[in-house]
Amino acid sequence: MSDLVIVESPHKAKTVKRYLSGDYEVVASMGHLRDLPKSKLGVDIENDFEPQYINIKDKESLIKEIKKKAKASDHVYLAGDPDREGEAISWHLAQLLGLDMNDKNRVTFNEITKSGIDAGMSSPRTIDMDLVNAQQARRILDRIVGYKLSPFLWRKIRRGLSAGRVQSVAVKMICDRENEIRAFVSQEYWSIDAQFTAKSSKKPFAAKVDTVDGAKPELKCKADADAVLARLEGAEFVVSNVKKSVRKKNPAAPFTTSTLQQEASRRLGFQGRRTMKAAQELYEGLEVNGMGATGLITYMRTDSLRISDEARAAAYDFIKEKYGENYVPDKPRVYKTKGSAQDAHEAIRPTNPAITPDLVKASGVTNDQYKLYKLIWERFIASQMAGCTLDTMSVDIEAKGVMFKATGYSVKFDGFTVLYEESKDEEEEKKNVLPPLVKGDKLDPKEILGNQHFTQPPPRYTEATLVKAFEETGIGRPSTYVTTVTTIINRNYVERDGKQLKPTSLGEVTNELMSEHFDKIVDVKFTANMEKSLDDVESGKTGWVKTLQKFYKEFDKELTEAEKEMEGKRVKVPDEATDEICELCGKPMVIKIGRFGKFMACSGFPDCKNTKRIVMETGGDCPFCGKRVLLKKSKKGKKYYGCENNPECSFMTWDIPTEEKCPRCGSTLFQKGGKNGILICHKPDCGYQRNLSGENTEGTDNAE
């Protein structure tokens, strides 16, 4: 007989087993084993929203196996992930296995390491029903919204549509931003920019007009700028003021789920799903040379910035050894977690700072695992380092009542920037190195120009900025961000345009209908308050049934009124016009959105029922047969490039077709490895390739 430990995934089971003695057997539940039925609402609204859970159909054999192992064990430990979802999975397991709810059989691991598992196993507790009820309340809320609203959308727009509590707000945010962009009227404005040199240095530095006769100038057109430029003709440019100071830059805090997704998007180009997949693998454990399977990061679903004293001390030891005493801060760095955040876990950090990214890379992990670990490791180590000290200088330059301003800085002590600096969504001003200057110095103007600009509309959301908006407005929780973005794209309410997210015609029509009839469902503040209510359930302040009753009363009223107002009405999703002509009847083809995405159809429907898939040309030619190379998508939605003559022609590649032709054989060159990669010819037996910098690196082993 042995004790049974039930975790969520086989990978986690393998790592946990390594650290437990032979007295334990470790099995995986593969996530949830019970859920609400798919075929019906599964919630008894009249009887306090009682959920009607059933065993998940394809998990029956696994349930039998776990029951058998539990029966043969002395004790069962429920070791689901340390969050609401993990608590709910543990509760469902306890129900299935007939465990005593007063038993201390719930264990959690903040990190899958020997110390993390020892800590968890040494302090078992009873299942936290407040956590379970918070998860149940969210699940039932989402089920009610989905199952009550979706049929309404089927009747009023088209079959197959779905609505969601958080996803509907996300779609509205993206639609609102698109409307702002459309309504934006660009305004012209001008700046006057100069390049000066001083006697102390012949290297020019930048400055720009700040004031004219003591006031900020309004340079709305070329004539305004030309007037200032004319005034400056023949002027003497004199330094009127020099201000020197020292500025300190402190490192960014260690990662939360939200900031990890944002930085991985900006720096690595990872979508949220890709980031969280790699993070889950790092948490559950990977084989590291000389150490075996070990968890490399702490739990990755968190909005806390707390760091344990042990982790901080380990970071300081590493920093001292690697960089020296000067790089350790004078006092411990403590980052303040937002008031609305859940502080059950630490921030995302490496479990052991001594496991460097180079050591992980040498262990044969995947590229995604290595890149994400490196990002987490560097961010954490930098967050515990001394600040960067900058010598700054601000200079005023006067000429005929026109004041130029130049600012610059030099690094006095690099501090944490020796390792890592946080990337930004907006481009920062370029570094401007100023020469030694004193008041009264005369400067030589190398160039003074009037430059035209136009005000820009607000940018579309990217996945990174949308997740940031979720966090700032309190919509959803770290565990829901990725699911929300993925859902609205998969349901064709939103599409990607490069990194940007833009609404489809279906998304806009659905949002208009929802905004008109279900204004609370798509209201940001209402949804954020709903999240707060769920937090109150988790903390035991509010009962979950009371929370659902309060929501449902208003929601049911809105639904009834919408049904009356929309009786007999349907909303048409506008088609996108194209230049393509139907080869069967000669009418224009249009783009429609169906259940499986966009497709092309004849505008003469129903008289002409011609349809075809949308072909996305790249301008490249197939190196195998000479036909067009098209942009395609795999079943998982990943973009790749392939010959239009597939399956007769087998050519396909992840490399991007370019307009450039191979100087050796004339075939299309493909870009491999991003902006610092290479141009490569995939023509069999050609072998030509060249660095993007221009260096020829011809080889032969590069054909598909």
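Residues numbered from 1 in each chain as written. Predicted model: local features only at pLDDT ≥ 70, side-chain atom pairs only at ≥ 80, totals over all residues. Heavy atoms only, no water.

## Remarks on the packing of helix H3 (residues 84–97) against helix H5 (residues 129–156)
Following both chains from N to C, one finds H3 and H5 inclined at 100°, their axes separated by 8 Å at the closest point. Judged by the inter-axis angle, H3 sits roughly perpendicular to H5. Residues Arg 84, Glu 85, Glu 87, Ala 88 and Trp 91 of H3 form the contact with H5, whose participating residues are Met 129, Leu 131, Val 132, Ala 134, Gln 135, Gln 136 and Arg 138. The class makeup of the residues in the contact of H3 with H5 is six nonpolar, two polar and four charged. (Axes fitted to C-alpha atoms, helices over the stretch in contact; angles between N-to-C directions. Helix = DSSP H or I, 4+ residues; strand = E, 2+ residues; numbered from the N terminus. Parallel < 35°, antiparallel > 145°, perpendicular 65-115°, else oblique. Contact = heavy atoms within 4.5 Å. Nonpolar A, V, L, I, M, F, W, Y, C, P; charged D, E, K, R; others polar.)

## Some thoughts on the UniProt feature "site: Interaction with DNA" (unreviewed entry) in the protein chain
Per the UniProt record, "site: Interaction with DNA" (unreviewed entry) is found at His 32, Arg 138, Arg 139, Asp 142, Tyr 147, Trp 154, Arg 301 and Arg 491. Considering the C-alpha atoms alone, the annotated residues occupy 460 residues of sequence and remain spread out, their largest mutual distance being 34.7 Å. With respect to the helices, strands and loops of the structure, Asp 142 is situated in helix H5. Classification of Asp 142 by relative accessible area gives partly exposed; the value is 28%. For Trp 154, the position within the fold is in helix H5. Using a relative accessible area of 30% as the deciding quantity, one classes Trp 154 as partly exposed. Residues contacting Trp 154, with those up to four places away along its chain left out, are Arg 159, Gly 160, Leu 161 and Arg 570. (UniProt positions renumbered as here; feature names shortened; annotations may be inferred. Buried < 20%, exposed > 50% of the residue type's maximum accessible area, 1.4 Å probe, protein only.)

## Structural notes on the UniProt feature "domain: Toprim" (unreviewed entry) in the protein chain
Per the UniProt annotation, the sites labelled "domain: Toprim" (unreviewed entry) are residues 2–112. Structurally, residues 2–112 is divided into 32% helix and 19% strand, and its ends, taken at the C-alpha atoms, are 21 Å apart.

## Let's talk about unusual backbone geometry
Residue Pro 606 is bonded to the preceding Phe 605 through a cis peptide linkage, with omega at 10°. In this structure, Pro 647 follows Asn 646 across a cis peptide bond, with omega equal to 10°. Along the chain, Pro 647 falls in the loop between strand E24 (639–643) and strand E25 (652–653). Phi at Asp 213 takes a positive value of approximately 55°, unusual for a residue other than glycine. We note that Asp 685 has phi near 70°; this positive angle belongs to a residue other than glycine. Structurally, Asp 685 is set in the loop between strand E28 (678–681) and strand E29 (689–691).

## Details of the pairing of E24
Of all five residues in E24, four are buried, a share of seventy percent or more. Alignment of strand E23 (residues 628–633) against E24, held across five bridges, turns out to be antiparallel. Paired with Lys 633 across the strands is Lys 639, a residue of E24. Judged from the two bridges that link them, E24 and E25 form a sheet pairing that is antiparallel. Counterpart to Gly 642 in the pairing with E25 is Met 652. (Pairing = 2+ DSSP bridges.)

## Details of the environment of Phe 318
Structurally, Phe 318 is set in helix H10 (residues 309–323). Along the backbone, Phe 318 and Trp 154 are 164 residues apart, and their C-alpha atoms lie at a distance of 59 Å. With residues near it in sequence (within four places) discarded, Phe 318 still touches Pro 353, Thr 356, Trp 377 and Ile 381.

## Thoughts on the domain arrangement of the protein chain
Segmenting the protein chain into domains produces domain 1 (3–127), domain 2 (141–184 + 459–566), domain 3 (188–250 + 388–454), domain 4 (257–384), domain 5 (576–613) and domain 6 (617–691). If you average the C-alpha positions of domain 1 and of domain 5, the two centres end up 51 Å apart. (Domains from an automatic or database assignment.)

## Notes on the packing of aromatic side chains
Per the counting criterion, the structure on display carries 19 aromatic pairs. Summarising the aromatic geometry, the rings of Phe 237 and Phe 404 are spaced 6.0 Å apart at their centres and angled 65° between planes, so their arrangement reads as edge-to-face. With a gap of 167 residues between them, Phe 237 in strand E10 (residues 237–249) and Phe 404 in strand E14 (residues 402–413) connect regions that are remote in the sequence. Accessibility assignment for this pair places Phe 237 and Phe 404 in one class, buried. (Phe/Tyr/Trp six-rings, centres within 6.5 Å; stacked < 30°, edge-to-face > 60°.)

## Here we look at helix H4 (residues 114–122)
It helps to recall that an α-helix has 3.6 residues per turn; residues three or four apart then point in one direction. Within H4, burial applies to Gly 116, Ile 117, Gly 120 and Met 121. For H4, the buried positions fall inside an angular range of 125° around the axis, keeping them on one side. In this fold, the buried residues of H4 make contact with strand E1 (3–7), helix H1 (10–19), strand E2 (24–28) and strand E7 (76–78). (Arc of directions from axis to C-beta.)

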